[in-house]
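What follows is the residue order along each chain.
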Amino acid sequence: MQPEVEVKLPDEKVISIGTVMALTAVSWSRPSIKLNLSGHTISTENVIVLFQSLSPSVISINLKGTDFAAGGRNLDSVRSLCAAMQEKTFSVHTLDLSNNRLGPQGCSLLASGLSVCASLTVADLRYNELDTEVATMLLEIAKEKKISLCGIKPGQTEADFTPVNNNGNRMKPADAILLTADLAVITSLTEVCQIRKM
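The text that follows walks through the structure, step by step, so that each part is easy to find. What you are looking at is a predicted structure, and each value in this text was computed from that prediction instead of being measured.

Moving on to the packing of aromatic side chains. In this description, a pair of aromatic rings is defined by centroid distance and the angle of the planes. Going through the model one piece at a time under the given rule, you end up with one aromatic pair. An angle of 90° between the planes, with centres 6.4 Å apart, marks the rings of Phe 51 and Phe 68 as edge-to-face. Highlighted residues: Phe 51 in helix 2 (residues 44–52) and Phe 68 in the loop between strand 5 (58–62) and helix 3 (76–85), separated in sequence by 17 residues.

Now the structure itself:
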């Protein structure tokens with residue numbers, strides 16, 4: 001069995017269509033791929049191409065802070081991700097969409113994909129400016145599908161959500177609802193550090 005390969009981009013700040021095509025080619029040539037695009041910017045158009053071209057070998061996608069939905073103003077990328085999640089060949093286990101300002105509408109759209117996705121076990125949707133209504137809807141889906149919504153992996157015993165360990169981000173009420181889902185789904189947790197008052 002060949003090992004998992006993590007593809008992490010070096011210094012390119014804006015991910016071009018050429019890079020997306022190269023990532024797609026790599027994903028179709030390896031048996032198990034983790035795509036880590038965090039910290040880069042990817043346009044809505046380019047991430048749609050990525051989602052439409054995903055190979056079944058992609059098991060992890062990290063889009064943390066990539067602004068792939070233009071701060072919630074262009075949700076075509078979220079619609080494309082949801083369409084990919086409905087495909088039988090979608091085999092992503094871990095999906096980090098944290099810190100993308102998807103907003104209530106974007107996260108509500110995402111809920112439709114999560115509700116039908118068979119492979120996903122860990123998602124990170126924190127810091128997306130969602131409201132408590134959408135967070136509660138996501139909580140119900142997560143509990144039913146046994147999906148983590150704060151990036152906590154099965155078997156993990158500790159989680160630190162203090163701002164110092166999360167790029168200065170503080171959990172808001174909706175993020176705390178997502179954490180509630182994780183506490184119900186990930187029973188291995190023994191310690192959670194959330195928000196410390198300064």
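Before going further, it helps to examine the environment of Leu 120. Counting through the fold element by element, Leu 120 comes out in the loop between helix 4 (103–116) and strand 7 (122–124). With residues up to four places along the chain from it excluded, the contact list for Leu 120 reads Met 85, Val 92, His 93, Thr 94, Leu 95, Leu 114 and Ile 147.

Now for the nonpolar core. Soluble globular proteins: nonpolar side chains tend toward being buried together. The biggest cluster of nonpolar side chains holds 60 residues, and the ones touching the most others in it are Phe 68, Met 85, Leu 110, Leu 114, Leu 138 and Leu 149. Only helix 1 (17–29), strand 3 (33–36), helix 2, strand 5, helix 3, helix 4, helix 5 (132–145) and helix 6 (173–185) provide two or more residues apiece to this core.

Moving on, we get to the sheet that holds strand 6 (residues 94–96). Ordered by their spatial adjacency, five strands build an open sheet running 1-3-5-6-7, and the pairing between neighbours is parallel. Whereas interior strands pair on both sides, the edge strands pair on one side only; in this sheet they are strand 1 (5–8) and strand 7. Strand-to-strand twist in this sheet, taken as the mean axis angle between neighbours without regard to direction, amounts to 10°. Pairing geometry for strand 6 and strand 7, over three bridges, is parallel. Directly across from Asp 96, in strand 7, lies its bridge partner Asp 124.

Let us look at the side chain of Ser 91. Within the element layout of this structure, Ser 91 appears in the loop between helix 3 and strand 6. Here the side chain of Ser 91 touches Val 58 through a polar contact of 3.4 Å, landing on its backbone oxygen.

What counts and what doesn't
Residues numbered from 1 in each chain as written. Predicted model: local features only at pLDDT ≥ 70, side-chain atom pairs only at ≥ 80, totals over all residues. Heavy atoms only, no water. Phe/Tyr/Trp six-rings, centres within 6.5 Å; stacked < 30°, edge-to-face > 60°. Helix = DSSP H or I, 4+ residues; strand = E, 2+ residues; numbered from the N terminus. Contact = heavy atoms within 4.5 Å. Core = buried A, V, L, I, M, F, W, Y, C linked by side-chain atoms within 4.5 Å. Buried < 20%, exposed > 50% of the residue type's maximum accessible area, 1.4 Å probe, protein only. Pairing = 2+ DSSP bridges. Axes fitted to C-alpha atoms, helices over the stretch in contact; angles between N-to-C directions. Polar contact = N/O pair within 3.5 Å; in protein donor to acceptor, adjacent residues only side chain to side chain.

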